[in-house]
Every structure is written in structure tokens, then in C-alpha cells.
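# Coordinate analysis (summary)
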Amino acid sequence: MSYKNVGTADKIIRVILGLGLISLVFVGPQTPWGWLGVIPLFTAGMSFCPLYRLLGIRTCKLKN
């Protein structure tokens, strides 16, 4: 059984969102809340989202 539940398009969105949030630490309002961007980067890298698992969501294709 594969634990991956994050698809390719979802990964791309997560990376863009994560980098955008992290950039808030260095530019713009320079708030430490931007470090929350690490979460979408981590879930994209692992191809696994714990919240998706709880909700039964899967954006990646199943292998036969």
C-alpha cells in the first residue's frame, strides 16, 4: 500500500505557496508567520499530506 496522496499538480501548488510564504520572512511584512511555508514544502517533498489522509482525499493516481 502506498502512502502517497499528493499528485503532481498539487505538489507544484504547494511548492509555490510554500516559497511564497517563506519569502514573507525576508521581504514584505517580514513576519515570522512566513515560516509556516515549510509545511507545504515538506508535504510536497514527501508526497504525503496528513490532512488529506484524515479527509480521505487523494490527488495522485493509484498504481495498478
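The numbers attached to residues start from 1 for each chain and follow its sequence in the written order. Thresholds applied to this predicted model are a pLDDT of at least 70 for local features of residues and 80 or more for the giving and counting of side-chain atom pairs; totals over whole chains, interfaces and linings are not thresholded and use all residues. Water and hydrogen atoms play no part in the side-chain values, which are based on all heavy atoms of the structure.

## Brief notes about the side chain of Thr43
Applicable threshold: By the criteria applied, helices consist of DSSP H or I runs no shorter than four residues and strands consist of E runs no shorter than two, each listed in order from the N terminus. Whether two residues touch is decided by their heavy atoms; if any such pair falls within 4.5 Å, the residues are in contact.
Within the secondary structure, Thr43 sits in helix α2 (residues 38-46). In this structure Thr43 touches Val6, Arg14, Phe48, Cys49 and Pro50, once residues within four positions along its chain are discounted.

## Some details on a nonpolar patch on the surface
What counts is decided by this rule: Here a patch means residues that are over 30% exposed by relative accessible area and free of salt bridges, tied together within 9 Å if like-charged and within 5 Å if nonpolar (Val, Leu, Ile, Met, Phe, Trp, Tyr). Only the protein chains shown count as cover for residues, and the accessible areas themselves come from Shrake-Rupley with a 1.4 Å probe. Only one rule defines a salt bridge in this text: a Lys or Arg side-chain nitrogen within 4 Å of an Asp or Glu carboxyl oxygen.
Nonpolar side chains collect at one region of the surface, where Phe26, Val27, Trp35, Val38, Phe42 and Met46 lie side by side and expose about 650 Å² of accessible area between them. Sort the elements by how many residues they give to the nonpolar patch and α2 lands first, with three residues. Here Val38 is to be found in helix α2.

## Concerning helix α1 (residues 8-26)
Here is the rule we go by: In this scheme, a helix's expected span is set at 1.5 Å multiplied by one less than its residue total. Exposed residues in this analysis have more than 50% of their type's maximum accessible area, buried residues have under 20%, and partly exposed residues fall in between, with area computed by a 1.4 Å probe over protein chains only. Summarising the geometry, the arc corresponds to the directions from the helix axis toward the C-beta atoms.
Its 19 residues place the ends of α1 28 Å apart at the C-alpha level, agreeing with the 27 Å of an ideal helix rising 1.5 Å per residue. Of all the residues in α1, the buried ones are Asp10, Arg14, Gly18, Ile22 and Val25. Relative to the axis of α1, the buried residues are bounded by an arc of 90° and lie together on one face. Among the exposed residues of α1, those pointing more than 90 degrees away from its buried face are Thr8, Ala9, Ile12, Ile13, Ile16, Leu19 and Phe26. Looking at the packing, one finds that the buried side of α1 touches α2 and α3 (50-55). Residue Gly28 follows α1 closely and has a positive phi angle near 75°.

## Digging into the packing of aromatic side chains
Going by this rule: Planes of paired rings set the category: under 30 degrees apart is stacked, over 60 is edge-to-face and the rest tilted, where pairs are Phe, Tyr or Trp rings (Trp by its six-membered ring) whose centres lie within 6.5 Å. By definition, being over a ring means that NZ of Lys or CZ of Arg is both within 6 Å of the ring centre and within 35 degrees of the ring normal.
Within this structure, the stated rule accounts for one aromatic pair. Where Phe26 meets Trp35, the ring centres are 5.9 Å apart and the plane angle is 80°; that geometry is what we call edge-to-face. We classify Phe26 as exposed; its relative accessible area is 53%. Given the relative accessible area of 45%, Trp35 is considered partly exposed. When the ring centre of Tyr52 is taken as origin, the NZ or CZ atom of Arg14, which lies over that ring, is 4.9 Å away.

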